[in-house]
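Residues per chain, in single letters:
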Amino acid sequence: MAWNEPGNNGQRDPWNRKRSSGKSPVDDLLNQLKNRMGKLGQGPGSILTAVLVLLVVGLLFSSYTIIGAREAGVVLRFGQYSRTLTPGFHLKLPQPIESVNKVEATRIRSVTDKVAMLTRDENIITIDFTVQYQVDDSRKYLFSLNDPDGTIGAAAEAAVRSVIGGSDMDQILSAAGASLVSEAQVTLQKTLDGYDSGLRVTEVSFQNVSPPNEVKDAFDDVNNAREDKQSIENAALAYASKVVPVARGDAARIAAEASGYKAERIARAQGDSARFDLLLTQYKAAPEVTRKRLWLETMEQVMANNPKVIDGSNGRNIITLPPLQGAPAAPETGSATVGAIVPTTSPANSGSAADKGTQP
């Protein structure tokens, strides 16, 4: 019958040992271990065995490591860099063969400082700046610099001083100051790369840029004057944008009128010249006829544009000329218009016409 079959009342076991009533097998096992551990402390051999057991336990517990999600593990084998572990569970050689240094690679670190600096135009300015950075290479971060945080603080101040020292006060306080922040970040990153620091700058910001308190009032006056200047310049630009297009339109209109007048005068001169050439050709062909025709055409134009008065006494036609400017108009006779009368003379009454002067 087996030792654990019912009916044996638990009196049989595989070790053929009797148990005291009221104790479980677990209690017996603990008592046995206690007795064995007590024997280890007796004699030289027992001490060596205890040391070996402790050494084996220590080696087992140092043969693995767990890297957190925000960490990176740098493994050193006999003090020399071996490899970098990613987050998770990893096996390694027990200490002191391999050791692991854990670095918080994704944590954003920051350095803040407030310094007074000298600008290019020899003005003093106070700047509060903050630099945010994180570990980009865990190996370089651990072994390239003795004090990474202190180094980045000194490098950040040097970069900001370099940028501010090469700029004027007006440029720093104006909208162009944003470009100086980017320039400072680039300069700082180049410095850290030159140190082989394994750090990456994520952001550089200027919280407060102001002159020292001793000259703050005078500086505020300068800023107010600058704002007034900018306001006046904006008003002038607005006026120019309104007036200049009108002036340009007037100039274009005058130029167009001048161009039209020029074309008209040229065309008229060319027409007169062509008419004169034609007339000259006709005059050369028939001088007398041409001369008489010209006289008749001229008289026709003159007579057509002058009023005529008919004297009903003797039926003579009297040629009149327009009255002089400012002279009184002649009275009307009959239904015809009367102007300044210039009598005509004939051989029969030339004397009487000369004596009388003006006919009524």
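A quick note: this is a predicted structure, and the numbers were derived from the prediction, not measured. (Residues numbered from 1 in each chain as written. Predicted model: local features only at pLDDT ≥ 70, side-chain atom pairs only at ≥ 80, totals over all residues. Heavy atoms only, no water.)

**Regarding the overall build of the protein chain**
Next, step 1: Helices and strands together make up the secondary structure of the protein chain, namely nine helices and eleven strands.
Next, step 2: Burial status across the protein chain gives 22% buried among its 360 residues.
Next, step 3: Residue pairs at least 24 apart in sequence account for 56% of intrachain contacts in the protein chain once pairs closer than 6 positions are excluded.
Next, step 4: Per element, the accessible surface of the protein chain, about 25,400 Å² overall, is 57% carbon and sulfur. (Helix = DSSP H or I, 4+ residues; strand = E, 2+ residues; numbered from the N terminus. Buried < 20%, exposed > 50% of the residue type's maximum accessible area, 1.4 Å probe, protein only. Contact = heavy atoms within 4.5 Å. Areas by Shrake-Rupley, 256 points an atom, 1.4 Å probe, with all protein chains shown as cover.)

**Examining the nonpolar core**
Next, step 1: Membership of the largest hydrophobic core comes to 30 residues, with the highest contact counts inside it found for F129, V131, I164, L188 and F206.
Next, step 2: Listing elements by their share of this core, those giving two or more residues are β6 (109-118), β7 (124-135), α4 (148-165), α5 (169-173), α6 (177-195) and β8 (199-210).
Next, step 3: Of the residues forming this core, the biggest block, seven residues, is contributed by α4.
Next, step 4: When residues no more than four places from it in sequence are discounted, the contact partners of L188 are V131, I152, A155, A156, A159, V201 and V204. (Core = buried A, V, L, I, M, F, W, Y, C linked by side-chain atoms within 4.5 Å.)

**Considerations on the confidence of the model for the protein chain**
Next, step 1: Looking at the protein chain as a whole, its pLDDT mean stands at 76, while 72% of the residues score no less than 70.
Next, step 2: Per-element mean pLDDT across the protein chain ranges from 38 in helix α9 (residues 350-356) up to 90 in helix α7 (residues 216-285).
Next, step 3: Confidence drops under pLDDT 50 across residues 330-360; counting only partners more than four residues distant or on other chains, this segment forms 28 contacts. (pLDDT = per-residue confidence, 0-100.)

**Some words on unusual backbone geometry**
Next, step 1: At F78, a position not held by glycine, the phi torsion is positive, near 55°.
Next, step 2: By secondary structure assignment, the location of F78 is in the loop between β2 (71-77) and β3 (80-85).
Next, step 3: Residue classification places F78 among the exposed positions, given a relative accessible area of 64%.
Next, step 4: A positive phi is found at E122, a non-glycine position, where the angle reads about 65°.
Next, step 5: In this structure, E122 sits in the loop between β6 and β7.

**Considering the sheet that holds β2**
Next, step 1: Taking strand neighbours across the sheet as the criterion, the three strands line up as β3-β2-β5 in an open arrangement whose pairing is antiparallel. One side of each edge strand has no neighbouring strand; the edge strands of this open sheet are β3 and β5 (98-104). In this sheet, adjacent strand axes meet at a mean angle of 25° when their direction is disregarded.
Next, step 2: Sheet topology note: the β2/β5 ladder contains seven bridges and is antiparallel. Across the sheet, the residue bridging to G73 is K102, located in β5. (Pairing = 2+ DSSP bridges. Axes fitted to C-alpha atoms, helices over the stretch in contact; angles between N-to-C directions.)

**Thoughts on the sheet that holds β6**
Next, step 1: Pairing is antiparallel in the open sheet, where three strands are placed in the order β6-β7-β8. Since the sheet does not close on itself, it has two edges, and those belong to β6 and β8, each with one partner. Taking each pair of neighbouring strands and ignoring which way they run, the sheet shows an average axis angle of 20°.
Next, step 2: Summarising the sheet, β7 and β8 pair through ten bridges and their orientation is antiparallel. Counted as the bridge partner of F129 is F206 from β8.

**As for the pairing of β3**
Sheet faces and side chains relate simply in a regular strand, where the side chains alternate between the two faces.
Next, step 1: Pairing analysis gives five bridges linking β2 to β3, with the strands arranged antiparallel. The residue bridging R77 from the neighbouring strand is Q80, located in β3.
Next, step 2: Hairpin connection, β2 to β3: the antiparallel pair is bridged by two residues, and F78 has positive phi, about 55°.

**Notes on the packing of α4 against α6**
If you want to describe how two helices pack, look at the angle between their axes and the distance between the axes.
Next, step 1: Running from amino to carboxyl end, α4 crosses α6 at an angle of 135°, the nearest separation of the two axes being 9 Å. Classified by the interaxial angle, the pair formed by α4 and α6 is oblique. The hand of the α4/α6 crossing is right-handed. In this structure, α4 uses T151, I152, A155, A156, A159 and V163 to contact α6, whose residues at the interface are L180, E183, A184, T187, L188, T191, L192 and Y195.
Next, step 2: Of the residues that constitute the contact of α4 with α6, the class distribution is ten nonpolar, three polar and one charged. (Parallel < 35°, antiparallel > 145°, perpendicular 65-115°, else oblique. Left-handed = near helix turned anticlockwise from the far one by under 90°. Nonpolar A, V, L, I, M, F, W, Y, C, P; charged D, E, K, R; others polar.)

**Digging into the pattern of salt bridges**
Next, step 1: For the structure shown, the criterion picks out eleven salt bridges.
Next, step 2: In this structure, R83 and E98 form a salt bridge, with 3.2 Å as the shortest nitrogen-oxygen distance. Here E98 lies in strand β5 and R83 lies in strand β3, a separation of 15 residues in the sequence.
Next, step 3: The partly exposed category is assigned to R83, whose relative accessible area is 25%.
Next, step 4: The network of salt bridges with common partners includes R77, R83 and E98. (Salt bridge = Lys/Arg side-chain N within 4 Å of Asp/Glu carboxyl O.)

**Let's talk about α6**
Next, step 1: Here α6 contains 19 residues, and its C-alpha end-to-end distance of 27 Å stays within 8% of the 27 Å for a straight helix at 1.5 Å per residue.
Next, step 2: All of the buried residues along α6 are G177, L180, V181, A184, L188, Q189 and L192.
Next, step 3: If you follow the buried residues of α6, they end up packed against β7, α4, α5 and β8.
Next, step 4: Positioned one or two residues after α6, D196 has a phi angle of 55°, which is positive. (Expected span 1.5 Å × (residues − 1).)

**Some points on the pairing of strand β1 (residues 64-67)**
Next, step 1: Every second residue of β1 is oriented toward a common face, the buried set being T65 and I67 and the non-buried set Y64 and I66.
Next, step 2: Across four bridges, the pairing between β1 and strand β4 (residues 88-91) is antiparallel. Bridging from a neighbouring strand, Y64 pairs with L91 of β4.

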